[in-house]
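# Inside the fold
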Amino acid sequence: VLTLITFLSDFGARGPYVAACEAVLISLAPAARVLHVGHEVAPGDIREASLVLAQVTPLAPPAVHLAVVDPGVGGPRHAVAVHAERGDFLVGPDNGLLMEAADALGGARAAWSLDPRRVRTQAALEPASLSSTFHGRDLFAPAAALLSRSIPAGTMGEPYEETALVRLPAPLLESLPSGGIRAEVVEIDRFGNVALAGRMRQTAPVEGAAVWIEGEQDPAWQARRVATYGDLEPGELGLLEDSWGRPSLCLNGASAAELLGVRTGVTVVLEPDLS
Amino acid sequence: VLTLITFLSDFGARGPYVAACEAVLISLAPAARVLHVGHEVAPGDIREASLVLAQVTPLAPPAVHLAVVDPGVGGPRHAVAVHAERGDFLVGPDNGLLMEAADALGGARAAWSLDPRRVRTQAALEPASLSSTFHGRDLFAPAAALLSRSIPAGTMGEPYEETALVRLPAPLLESLPSGGIRAEVVEIDRFGNVALAGRMRQTAPVEGAAVWIEGEQDPAWQARRVATYGDLEPGELGLLEDSWGRPSLCLNGASAAELLGVRTGVTVVLEPDLS
Amino acid sequence: VLTLITFLSDFGARGPYVAACEAVLISLAPAARVLHVGHEVAPGDIREASLVLAQVTPLAPPAVHLAVVDPGVGGPRHAVAVHAERGDFLVGPDNGLLMEAADALGGARAAWSLDPRRVRTQAALEPASLSSTFHGRDLFAPAAALLSRSIPAGTMGEPYEETALVRLPAPLLESLPSGGIRAEVVEIDRFGNVALAGRMRQTAPVEGAAVWIEGEQDPAWQARRVATYGDLEPGELGLLEDSWGRPSLCLNGASAAELLGVRTGVTVVLEPDLS
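Residues numbered from 1 in each chain as written. Chains lettered and ligands numbered in written order. Predicted model: local features only at pLDDT ≥ 70, side-chain atom pairs only at ≥ 80, totals over all residues. Heavy atoms only, no water.

### Brief notes about the interface of chain C and chain A
You'll often see interface size given as the accessible area lost when the parts meet. Filter applied, for reference: Contacts between residues were defined by any pair of non-hydrogen atoms, one from each residue, lying within 4.5 Å. In short, buried area is how much 1.4 Å probe accessible area vanishes from two parts on joining, totalled over both. Any carboxyl oxygen of Asp or Glu within 4 Å of a side-chain nitrogen of Lys or Arg constitutes a salt bridge here.
With 33 residues of chain C at the contact, the number on the chain A side is 27 residues. Counting each side, the surface lost to burial between chain C and chain A is near 2,300 Å², with a carbon and sulfur contribution of 57%. Broken down residue by residue, the surface that chain C buries against chain A is led by Arg14(C), Pro16(C) and Thr133(C), which jointly contribute 23%. For Arg190(A), the salt bridge is made with Glu40(C), and the minimal N-O distance between the two is 3.8 Å.

Okay, structure coming up:
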């Protein structure tokens, strides 16, 4: 039994969507505990949500992970439940949102395409009353609640080839002959830290780096390799291994993203600083 | 026993107000579960909060619903507990906030005017120490906690005529001879969908519509009737039945509210599109 | 046993940080309940967070209070657990964040400096894998979870002199010969209410006040002493005792902070209004 249900969406804190889904979860799985992974990713941003889901889910005990960032709601995309090797279920649209987390949980062991009528019948909800724009409430939350009660996924849909599950393309990451990297900005946090694709220990310059923002005319920035923010002087750009193992550009008490003028998806080049 | 307490306010996520109320709930009703309906409605916006409350409460199991959007706090407005036909209690200021939800829960079966001294005495709190500006913490949360423990409302105040409870005026909705409607914008969500008053199946043009924003000089927009966002071309305005049954104007992956330049409360005219 | 864990940070609702910590709490203390005090204080604003923590914690039952606003993460600042006289534990960086709450809970009875390796060993986590930038997840949440399970603080670190714990300077508050006060703005809430340092009953003018913003050329404002917002005319500035006992400048349904052009930390002078 998976008594924990985690819940991620792009619904935002204002409006009824998040609470509507949680109300459905509580109605159908009264014994479940709900952990809100977050609902403030950019609207429709599957990539941002996918990363957050993959960061948080391995830290929780095995759970049902409800994830709804679903710009294709009501269209031909499949609704799926994915059983991960660790024992978790991931429930959401098959649009790439789920697989980075599935990988972080040991990979997909099995998957099902959810049939709205069967899910709703199992949940004792009116089978036909499925909206075409809010499957979080009408399909995914009911399915997540049932799975947390150990109702078999096979009662809610047909098996689905794991290899057919949609995956997002990996973020850009390229090693340069100089020992540097070309890498995509994969996350900018509330503090303005700029996380790049890759693992610091494998890919990035060990010492300081010259930093280019691809497509910008500006000359390179210099980043000093440090262990933490407090090692930096005011206004000095730093390069550190962040808490997820990634190369990260930062300032001490200010926003590196603002200084560099970068956003998620931009390409950054780090060259070993030989000066 | 109602072990679920839902909680809606306009307190915002920053500052101590939300957590102060939840701390009081947990202190006085340790066995209760708390579901946050939301705290980000516009400050003092009773109408916005009323709608969210009415949307979410029927999806939850019977519960005590604590709702605090209370611009008249400390003044002559009554504090009330409303017992709904479904078995729920609604607790909050009698300013119109509660009745749309009461209706959604089968109507008001009974009501009480809450006496702060009696509520606080029942809760073993200092009867006299009631602030004049934070009744969420000092009056409503204690009352909600007591009600969830099945302490009778009659111990906290006097019966109150259900017919005296304040109701918000219904949003503007008018059928036009052409088969179209004049309707108020009742909700704009995070995705920029523009929901209108009324029920799509009863009131709105079945096929596409010409759309006027009342008071604007701009010519009409054309909206195509669709089932969901993905049916629309980029930039094409759509008209669909939203997940609450309302006529809704939308774009695919962009904000219809921004395109149309509308806000909640604005009047929109939909005329059947005979072109 | 302290089955409640409260959690305050500056991590924000977007991104993985809050949920990562909560996932750790749930993993290590499955029986604990988590109350989110808030995560939207300004990034790195220890003073704002300290006040919120001190406002909320006394309203909750005795608990473990996890608080992470930690601009010095990975540097020489200590990580501490503080045992308050009421029975609560406060867990976080020793940078001033915790002590206002400790005082509100009866004062510090004992304290420990947390040793990351010992905390992680106790929690059955890899002792060496401590990030240098996310001690919320890697150190503080594990320690809070263990304390809620009644694992002694002494197993996670060495005793720490209570007198050595870092305290924030008290906000500016000065009585004037006129009977007025010079006081710092200590909080501006979502409604634009401007709370000043001090206790209304002890320090502030009893009747109306002339209000100066120190450093501004503008002439004084007149504030009328009222009990609550509804006593004010539209646009009229009011002075009231707020729900935490402080002098507060306010408007009815509008933002006094905007009218006055003030921010937290600004000095305001209230002179008795003898006109």
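### Thoughts on the packing of helix α1 (residues 17–28) of chain B against helix α5 (residues 135–148) of chain B
Residues and elements named next belong to chain B. Worth spelling out the cut-off: Every axis in this analysis is a line fitted to C-alpha atoms, fitted for helices over the stretch in contact. Angles between the N-to-C directions lie between 0 and 180 degrees. Under the DSSP-based scheme used, a helix requires at least four consecutive residues in state H or I and a strand at least two consecutive residues in state E, with every element numbered from the N terminus. Left-handed describes a crossing whose near helix is turned anticlockwise from the far helix through less than a right angle; right-handed describes the clockwise counterpart. By the convention adopted, Pro, Cys, Tyr, Trp, Phe, Met, Ile, Leu, Val and Ala count as nonpolar, Lys, Arg, Asp and Glu as charged, and the other residues, Gly among them, as polar.
At their nearest, the axes of α1 and α5 sit 9 Å apart, and the two run at 40° to each other. For α1 against α5, the interelement crossing comes out right-handed. Where α1 approaches α5, its residues Cys21, Val24, Leu25 and Leu28 are matched on the opposing element by Gly136, Arg137, Ala141, Pro142, Ala144 and Ala145. In terms of residue class, the contact of α1 with α5 is made up of eight nonpolar, one polar and one charged.

### Here's the deal with the relation of the copies chain B and chain A
Threshold: The least-squares superposition of copies is restricted to C-alpha atoms, and to residues with a pLDDT of at least 70 in both copies.
Least-squares fitting of chain B to chain A yields an RMSD of 0.0 Å, with the superposition described by an axial translation of 0.0 Å and a rotation of 120°. Such a turn and shift between the copies fits a three-fold axis. Of the C-alpha atoms belonging to chain B, the one lying closest to the rotation axis is found on Ala13(B), 5.3 Å away. Comparing interface residues between copies, only 15% of those in chain B also sit at the interface in chain A, which points to a heterologous contact through distinct surfaces.

### Here's the deal with helix α2 (residues 46–56) of chain C
Residues and elements named next belong to chain C. Note the following rule: Buried means the residue's accessible area, taken with a 1.4 Å probe over protein chains only, is under 20% of the maximum for its type, while exposed means over 50%, and partly exposed covers the values in between. Definition of a polar contact: a pair of N or O atoms within 3.5 Å, with one able to donate and the other able to accept a hydrogen when the atoms are protein atoms, and with sequence-neighbouring residues admitted only if both atoms are side-chain atoms.
Most of α2 is tucked away: 10 of the 11 residues are buried. Within α2, burial applies to Ile46, Glu48, Ala49, Ser50, Leu51, Val52, Leu53, Ala54, Gln55 and Val56. One side-chain oxygen of the residue at the start of α2 lies 3.3 Å from the amide nitrogen of Arg47, identifying that residue as Asp45.

Bear in mind that shape data such as this cannot, by itself, settle questions of function.
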